[in-house]
Amino acid sequence: MNINIKSADGKATACLCGEIDHHNAKEIREELDRFILSSQPKELAIDFKEISFMDSSGIGLIMGRHKLITECGGKLIVKNPQLYIKRVLKLSGIERLVKITCDRL
């Protein structure tokens, strides 16, 4: 799993690449949490464009980061999920908590 975080003017984007499953979700959580706690961004977008697979660990990942960043006064956005991931997120009710956006045409 690759995570590339870019930050400017209180906004950050974490580009994830690979798969999100129970094997690597803890590593992703820890890296994102370190960033959120140290940088306190007003907005964090997690870009799912390069995620090829996600199981229920991804839902937990999003919910936990939403809770943490909200406690820090920021907001979370999920960007560019693959269509099947977007469906899973909608079915889980995540979009009631987190904005889901897509840069693709």
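Our subject is the structure that appears above.
Definitions and limits used
- Residues numbered from 1 in each chain as written.
- Predicted model: local features only at pLDDT ≥ 70, side-chain atom pairs only at ≥ 80, totals over all residues.
- Heavy atoms only, no water.
- Helix = DSSP H or I, 4+ residues; strand = E, 2+ residues; numbered from the N terminus.
- Rg over C-alpha atoms; globule rule 2.2 N^0.38 Å.
- Contact = heavy atoms within 4.5 Å.
- Areas by Shrake-Rupley, 256 points an atom, 1.4 Å probe, with all protein chains shown as cover.
- Lys, Arg positive; Asp, Glu negative; His and termini not counted.
- Charge placed at Lys NZ, Arg CZ, Asp CG, Glu CD.
- Axes fitted to C-alpha atoms, helices over the stretch in contact; angles between N-to-C directions.
- Parallel < 35°, antiparallel > 145°, perpendicular 65-115°, else oblique.
- Left-handed = near helix turned anticlockwise from the far one by under 90°.
- Nonpolar A, V, L, I, M, F, W, Y, C, P; charged D, E, K, R; others polar.
- Pairing = 2+ DSSP bridges.

Trainee: Would you mind showing me how to read the overall build of the protein here?
Mentor: Scanning the protein for helices and strands turns up three helices and five strands. Moving toward the C terminus, one meets the helices and strands of the protein in the order β-β-α-β-α-β-α-β. Computed over its C-alpha atoms, the radius of gyration of the protein comes to 12 Å, within 12% of the 13 Å expected for a compact globule of 105 residues. Taken over the C-alpha atoms alone, the protein extends approximately 30 × 25 × 25 Å along its principal axes. Partitioning the intrachain contacts of the protein with sequence separation of at least 6 by distance along the chain shows that 67% fall at a separation of at least 24. A total accessible area of about 6000 Å² is found for the protein, and carbon and sulfur atoms account for 50% of it. Distance between charge centroids for the protein: 6 Å, based on 17 positive and 14 negative side chains.

Trainee: I tried to follow the packing of helix α1 (residues 25-39) against helix α2 (residues 56-71) on my own but got confused; where do I start?
Mentor: When two helices pack together, their arrangement is captured by the angle between the axes and the distance separating the axes. With their axes 10 Å apart at the nearest point, α1 and α2 run at an angle of 15° to one another. Here α1 is positioned roughly parallel relative to α2, judged by the angle of their axes. Relative to α2, the crossing made by α1 is right-handed. On α2, the residues touching Ala25, Ile28, Arg29, Leu32, Asp33, Ile36 and Leu37 of α1 are Ser57, Leu61, Arg65, Leu68 and Ile69. When its residues are assigned to classes, the contact of α1 with α2 shows eight nonpolar, one polar and three charged.

Trainee: Teacher, can you tell me more about the sheet that holds strand β5 (residues 99-101) here?
Mentor: Through backbone hydrogen bonds, the strands of a sheet pair up, either in parallel or in antiparallel fashion. Here we have five strands laid out as an open sheet, ordered β1-β2-β3-β4-β5, and mixed in their pairing. The open sheet has two edge strands, β1 (2-8) and β5, and neither has a second partner. Direction aside, neighbouring strands of the sheet carry axes that sit 20° apart on average. Here seven bridges tie β1 to strand β2 (residues 11-20), and the two strands are oriented antiparallel to one another. If you follow Ala8 over to β2, its bridge partner there is Lys11. In this fold α1 packs onto β1, β2 and β3 (43-54), with an angle of close to 15° to the strand it touches most, β1. Packing against the sheet, helix α3 (residues 83-92) makes contact with β3, β4 (75-79) and β5, and its axis sits at approximately 120° to β3.

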